[in-house]
Amino acid sequence: MTATVLVLGATGKSGRRLVPLLEARDVTVRAASRQASPQHTPFHWDKPETHQAALEGVDAIYVIGPDFVEDPSGVMAPFLDRAKQLGVKRVVAVSSLGVGFPHEPEDSGRRKVEQLVMNSGMEWTLLRPGGFAQNFSESFFLPGILHADTVATATGDGAVAFVDAEDIAAVAAAALTEQGHAQAIYPITGPQSLTFAQATAVISKAAGREIRHRNISSDEFAAILQGGGVPADYAAVVVRDQEAIREGAGAVVTDTVERVTGRPPMAFDAYAARAAAAWVRG
């Protein structure tokens, strides 16, 4: 069993769920985040001076790249090199199901990062989750739900097998602490594909009020993202994924969660019932 695991993004959607799962496996967890606290080791991608202390004495690392950066390979490459130099044996990195979408450029930032991980010289596992269910309750769809009873997307009638962050964390915990996951690429999805209109109907039921899905153009969606502070190049990645979903690329359902963890993934209606408090106004 892995002795010490560094969890980057330990306050994020998957990271904060991963920490207790690792602790339950009697693993020593070094939880890292940008905000220093008694519970967290300070770590910032743009501050290389924080990398050494985070990596020293670590056996495995859970890697999530910097937020809203289209190509983070420039900061991630020296970090992975340093991890190898310091004796880290295993890396589990979060990528995206979108890497495999038909129109993903060969030189996209996501593909560059995956190549860095695969060429790191460490045992590696790549996690490729689909759309996070928590995007509705903890991320960019939440303001529209709370303030306008609306989920706006450019996905048309395309479907997504939304995956619960708990399931991503469970797969990561296995890959970080068990044998048999080296050099594996895991596409991670929920158990059923839903259009955004169908997902919004489920949320409406859980929230106890009508919440509508509104189809908008790719340009409108990009404008919303950039209006919220998302850099234009990263917004283009999100829009590209929305367009791929519209064309049917996001509807894939995989058995990864059950195969790796031994239990079925969380259904979207079960997620919505658990997350309902997030959609209460005021």
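For the protein, the name recorded in an unreviewed UniProt entry is NAD(P)H-binding protein, with Dyella koreensis as its organism.

Some points on the side chain of threonine 177
Looking at the element boundaries, threonine 177 is found in helix H6 (residues 165-177). On the accessibility criterion, threonine 177 (8% relative accessible area) is buried.

Things to note about the nonpolar core
In terms of nonpolar packing, the biggest core is built from 30 residues, with Phe136, Phe162, Phe221, Phe268, Tyr271 and Trp279 touching the most fellow members. When contributions to this core are tallied by element, the ones reaching two or more residues are helix H5 (142-148), strand S7 (150-153), helix H7 (196-207), helix H8 (218-227), helix H9 (232-246) and helix H11 (268-275).

Topic: H9
Its 15 residues place the ends of H9 21 Å apart at the C-alpha level, agreeing with the 21 Å of an ideal helix rising 1.5 Å per residue. Positive phi appears at glycine 248, one or two residues downstream of H9, with a value of about 105°.

Structural notes on the sheet that holds strand S9 (residues 184-188)
Strands sit in the order S3-S2-S1-S4-S5-S6-S9 across an open sheet of seven strands; the sheet is parallel. Both outer strands of the open sheet, strand S3 (41-42) and S9, are each paired with one neighbouring strand and no more. Looking at chain direction, strand S2 (residues 28-33) and S3 are connected through two bridges and run parallel. Bridge pairing links alanine 32 to threonine 41 in S3. Of the strands in this sheet, strand S5 (90-94) and strand S6 (123-129) touch helix H4 (residues 109-118), which is tilted by about 155° from S6.

Examining the UniProt feature "domain: NAD(P)-binding" (unreviewed entry) in the protein
Mapped onto the present numbering, the UniProt feature "domain: NAD(P)-binding" (unreviewed entry) falls at residues 9-178. The span residues 9-178 shows a helical share of 34% and a strand share of 18%, and its end C-alpha atoms are spaced 21 Å apart.

Digging into H4
Residues that lie three or four places apart on an α-helix share one face, since the helix turns once every 3.6 residues. Among the residues of H4, those classed as buried are Gly109, Arg110, Val113, Glu114 and Val117. Relative to the axis of H4, the buried residues are bounded by an arc of 140° and lie together on one face. Here the buried face of H4 lies against helix H3 (73-85), S5, S6 and H9.

Quick look at the pattern of salt bridges
Counted by the stated rule, this structure contains 17 salt bridges. Residues glutamate 166 and arginine 17 are paired through a salt bridge, measuring 3.5 Å at the closest nitrogen-oxygen approach. You can see glutamate 166 sitting in helix H6 and its partner arginine 17 sitting in helix H1 (residues 15-24), a full 149 residues away along the chain. A relative accessible area of 12% means that arginine 17 is categorised as buried.

Description of the packing of H3 against H4
Two numbers describe how H3 lies on H4: the axes approach to 10 Å, and their chain directions differ by 10°. Here H4 runs roughly parallel to H3, going by the angle between their axes. On H4, the residues that touch Ser73, Met76, Ala77 and Leu80 of H3 are Lys112, Val113, Leu116 and Val117. Per-class residue counts for the contact of H3 with H4 are six nonpolar, one polar and one charged.

A few points about unusual backbone geometry
Unusually for a residue other than glycine, aspartate 26 sits at a positive phi of about 60°. With respect to the secondary-structure elements, aspartate 26 resides in the loop between H1 and S2. Its relative accessible area of 69% is what places aspartate 26 among the exposed residues. Here the phi dihedral of aspartate 149 falls at roughly 50°; this positive angle occurs in a residue that is not glycine. Note that aspartate 149 resides in the loop between H5 and S7. On the basis of relative accessible area, aspartate 149 is assigned to the buried category, the value being 16%.

Structural notes on the pairing of S5
For S5, the buried fraction is high: four of the five residues fall into the buried class. A crossover connection joins strand S4 (residues 60-63) to the parallel S5 through H3; in handedness this β-α-β unit is right-handed. Across five bridges, S5 lies against S6 in parallel orientation. By the bridge assignment for S6, valine 91 is matched with tryptophan 124. Taken together, S5, H4 and S6 form a β-α-β motif whose crossover is right-handed.

Cut-offs used in this document
Residues numbered from 1 in each chain as written. Predicted model: local features only at pLDDT ≥ 70, side-chain atom pairs only at ≥ 80, totals over all residues. Heavy atoms only, no water. Helix = DSSP H or I, 4+ residues; strand = E, 2+ residues; numbered from the N terminus. Buried < 20%, exposed > 50% of the residue type's maximum accessible area, 1.4 Å probe, protein only. Core = buried A, V, L, I, M, F, W, Y, C linked by side-chain atoms within 4.5 Å. Expected span 1.5 Å × (residues − 1). Pairing = 2+ DSSP bridges. Contact = heavy atoms within 4.5 Å. Axes fitted to C-alpha atoms, helices over the stretch in contact; angles between N-to-C directions. UniProt positions renumbered as here; feature names shortened; annotations may be inferred. Arc of directions from axis to C-beta. Salt bridge = Lys/Arg side-chain N within 4 Å of Asp/Glu carboxyl O. Parallel < 35°, antiparallel > 145°, perpendicular 65-115°, else oblique. Nonpolar A, V, L, I, M, F, W, Y, C, P; charged D, E, K, R; others polar. Right-handed = clockwise from strand over helix to strand, strands pointing away.

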